[in-house]
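Secondary and tertiary structure notes
The chain contents come next:
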Amino acid sequence: MFSLSKLKNILSKNKYGKYLAIGGFAFFFIKGLIWLAVIFSVGFSAFNFI
């Protein structure tokens, strides 16, 4: 069975694996911030509409 710690160990040893891990983290972090901004803007505009 392929465990998460084994995958993390393989990626951390490889130069491109580190770029992949950091890039994946940055992508989902920025995606989350964009969704957070969208939800806040929709929420505040709905609050101001009432």
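Below, the structure is looked at part by part. It should be emphasised that the depicted structure is a prediction, and the values quoted were computed from it without experimental measurement. (Residues numbered from 1 in each chain as written. Predicted model: local features only at pLDDT ≥ 70, side-chain atom pairs only at ≥ 80, totals over all residues. Heavy atoms only, no water.)

1. Things to note about the overall build of the protein
What counts here: Helix numbers and strand numbers start at the N terminus; a helix is a DSSP run of H or I with at least 4 residues, a strand a run of E with at least 2. Burial classification: accessible surface area is computed with a 1.4 Å probe over protein chains only, and a residue below 20% of its type maximum counts as buried, one above 50% as exposed, and the rest as partly exposed. Working definition of accessibility: Shrake-Rupley area with a 1.4 Å probe, residue cover restricted to the visible protein chains.
Across its full length, the protein carries two helices and zero strands. Out of the 50 residues in the protein, the part that is buried amounts to 2%. Summed over its atoms, the accessible surface of the protein is roughly 5000 Å², and 78% of this surface lies on carbon and sulfur atoms.

2. Here's the deal with the packing of aromatic side chains
The line we're drawing: Ring pairs shown here join Phe, Tyr and Trp side chains whose ring centres sit within 6.5 Å, with only the six-membered ring taken for Trp; geometry is labelled stacked below 30 degrees between planes, edge-to-face above 60, and tilted in between.
According to the stated counting rule, one finds four aromatic pairs in the structure shown. With 5.9 Å between their ring centres and 20° between their planes, Phe25 and Phe29 make a pair best called stacked. One end of the pair is Phe25 and the other is Phe29, both in helix 2 (residues 15-49) and four residues apart, which spans about a single turn. The class of Phe25 is exposed, set by a relative accessible area of 59%. Among the residues examined, Phe29 registers a relative accessible area of 47% and is labelled partly exposed. Seen from their ring centres, Phe27 and Phe28 are 5.0 Å apart, and the 75° between their planes marks the pair as edge-to-face.

3. What to know about the environment of Ala21
Summarising the element assignment, Ala21 is placed in helix 2. By relative accessible area, which is 44% here, Ala21 ends up partly exposed. As for Ala21 and Leu11, which are separated by 10 residues in sequence, their C-alpha atoms are 7.5 Å apart.

It is worth stressing that arrangement in space is one thing and function is another; only the former is reported here.
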